[in-house]
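Architecture at a glance
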Amino acid sequence: MVKVNIDGALNFLTENEVRAIDTSKPLSELKTLFENGWTKVPSGYNEKLANDVKSMAKKIQNESEVLIVLGIGGSYLGARAAIEYIKSPNYNILPKKTPDILFAGNNLSGEYLEQIIELIGDRDYSVNVVSKSGSTIETAISLRFFKSMLKEKYGPEGLKDRLYITSDIGSPLIKLAESEGYAYLEMPPEVGGRYSVLTVVGLVPCAVAGIDIDEMMAGALAEFENGTEDACYYAAARQVLYRKGKKIEMLACFEPAFRFTGEWWKQLFGESEGKEGIGIFPAYADYSADLHSLGQLIQEGERTLFETFVSFNEPRVNPKVPGGDLHKDKIAAIAGFDMNKINESAAIAVKKAHIDGGVPVLELCLPKLSAASFGALAYFFMRSCAISSLISGVNPFGQPGVEAYKKNLFAILGL
């Protein structure tokens, strides 16, 4: 369960102002308008769905040393976020019994694509293409490369055996899978891409990486059943700060494993809230590293941002700082301190400095980095994002502005 703390913003808002925001209407809209959508995904996770995902993942694990996930935006960000958060940002280079997982189809760089191909090398691999529409140009182009490569390496039957489709019911990709004999899993059509991490979109790569998807979904279910109040509280606090001129939200965490969760969060909130000339700009900072690049601006720049810190009660590991004669310097007295104490102290110091400098700080606290807490946090963010968007008067579903560049690109390419 995610717990919200607004103490670090009480110099800039009051508890009464936050409680005065009416969240009953957004909650009612979510319940009536989207009853069968992403809001019910945790409760819709069942044995059949779990077995379908685990069966596909097991086959990939048995046959491949590498899984390539082709997708852009919500079709890959959530899966990558989960793997780095639950396993490690260094997942691919750590010793393990599960396949490496590489991500492509999320840009139009030929150099990036060639490097992904080089990383595969001579190893056996499979490809999971993820796209709701089946026609997103970045993903569709990458699919052409990998289909050709799979056919060349494994032959037509091997291609059929190693290409896995995740897409909407009736999409061009599902029709392709049915006509050419590829294994596929269907996305819930009522779930938008950036809200899809807890569906087959995120579950398949997670299961391939050896993540306990049952635990992840149990965490999401607990948040679904018990987390409404905290999600509303966070959404309301954000909107109060926005009305007071805080136009930028800097999500920050002191754990590098959180980085891609921050990237997923940026898409979720940016595409959901940024409409009709309004919206809080979502940014992410990796602390304490980014304090050495952004810290000056945050401390003394224009007072248009607020921060949301994500913290964990328990570390996964907690080494102690070595001592001895090798380390006679200005911080020699730190010998024997455990790293979690130092990291927590840094967070306290940064929070105080930023509040004193005029930056409101909200806090989200979780027990520890785990599959369960990722599921809970993912659902918390999706629910609070939808509520916050509806409070501001915009529809959190759909992203009409994204289509503008696509139309221009297709025109330039003559497509």
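Check the entry above for the structure.
Residues numbered from 1 in each chain as written. Predicted model: local features only at pLDDT ≥ 70, side-chain atom pairs only at ≥ 80, totals over all residues. Heavy atoms only, no water.

1. Digging into helix α6 (residues 110–120)
- For α6, the complete set of buried residues consists of L113, I116 and I120. Looking straight down α6, one finds its buried side chains confined to an arc of 60°; they lie on one side. Projecting away from the buried face of α6 at angles above 90 degrees are the exposed residues E111 and E118.
- In this structure, the buried side of α6 is in contact with β2 (66–70), β3 (100–104), β4 (125–130) and α7 (137–162).
- The residue sitting at the N-terminus of α6 and contributing the capping side-chain oxygen is S109; that oxygen lies 3.4 Å from the backbone nitrogen of E111.
- Backbone geometry just after α6 places G121 at a positive phi near 60°. (Buried < 20%, exposed > 50% of the residue type's maximum accessible area, 1.4 Å probe, protein only. Helix = DSSP H or I, 4+ residues; strand = E, 2+ residues; numbered from the N terminus. Arc of directions from axis to C-beta. Contact = heavy atoms within 4.5 Å. Polar contact = N/O pair within 3.5 Å; in protein donor to acceptor, adjacent residues only side chain to side chain.)

2. Re the environment of E229
- Mapped onto the secondary structure, E229 falls in helix α11 (residues 228–243).
- For the pair E229 and I331, spaced 102 residues apart in the sequence, the C-alpha separation amounts to 44 Å.

3. Details of the pairing of β2
- By the criterion of burial, β2 is predominantly enclosed, with five of the five residues buried.
- Bridging between β2 and β3 involves five bridges; their strand directions are parallel. When the sheet's bridge partners are listed, L67 is paired in β3 with I101.
- Note that the unit made of β2, helix α5 (residues 77–86) and β3 has a crossover that is right-handed.
- The pairing of β2 with β4 spans five bridges and is classified as parallel. Bridging across to β4, I68 finds its partner in V127. (Pairing = 2+ DSSP bridges. Right-handed = clockwise from strand over helix to strand, strands pointing away.)

4. Some points on the side chain of S75
- For S75, the position within the fold is in the loop between β2 and α5.
- A distance of 3.5 Å separates a polar atom in the side chain of S75 from the backbone oxygen of V130.
- In this structure S75 touches V69, V130, S131 and V201, once residues within four positions along its chain are discounted.

5. Quick look at the sheet that holds strand β6 (residues 183–187)
- Taken together, five strands build an open sheet; the order of strands is β3-β2-β4-β5-β6 and the sheet is parallel. Two strands close off the open sheet at either side, each with one partner strand: β3 and β6. Each adjacent strand pair in this sheet contributes to an overall mean axis angle of 20°, direction not counted.
- Relative to strand β5 (residues 163–168), β4 is paired through four bridges, and the arrangement is parallel. Bridging across to β5, N128 finds its partner in Y164.
- Set on the sheet, α6 makes contact with β2, β3 and β4; between it and β3 the angle comes to about 165°.
- Against the sheet, helix α8 (residues 172–180) engages β4, β5 and β6, with an angle of about 140° to β5. (Axes fitted to C-alpha atoms, helices over the stretch in contact; angles between N-to-C directions.)

6. Here we look at the state of the cysteines
- Going through the model one piece at a time under the given rule, you end up with zero disulfides.
- The thiol sulfur of C206 is not disulfide-bonded, and the nearest other cysteine sulfur, from C253, lies at 18 Å.
- Looking at C206, the relative accessible area reads 1%, which means it is buried.
- No disulfide involves C253; its nearest neighbouring cysteine sulfur is the one of C365, lying 11 Å away. (Disulfide = S-S within 2.5 Å.)

7. Digging into the layout of surface pockets
- When its volume is computed, the largest pocket comes out at roughly 760 Å³.
- Forming the walls of the largest pocket are 29 residues, and the residues nearest its centre are F254, E255, P315, N340 and N343.
- When residues of the lining of the largest pocket are traced back to their parent elements, those giving at least two are β9 (305–312), α14 (339–356) and β10 (361–366).
- Counting residues per element, the lining of the largest pocket draws most heavily on α14, at seven residues.
- Class assignment for the residues of the lining of the largest pocket results in 16 nonpolar, six polar and seven charged. (1 Å grid on protein atoms, 1.4 Å probe; cavity = no way out; pocket = protein on both sides within 12 Å on 5 of 7 lines; lining within 4 Å. Points joined across faces, edges and corners; volume = space filled by probe spheres on them. Nonpolar A, V, L, I, M, F, W, Y, C, P; charged D, E, K, R; others polar.)

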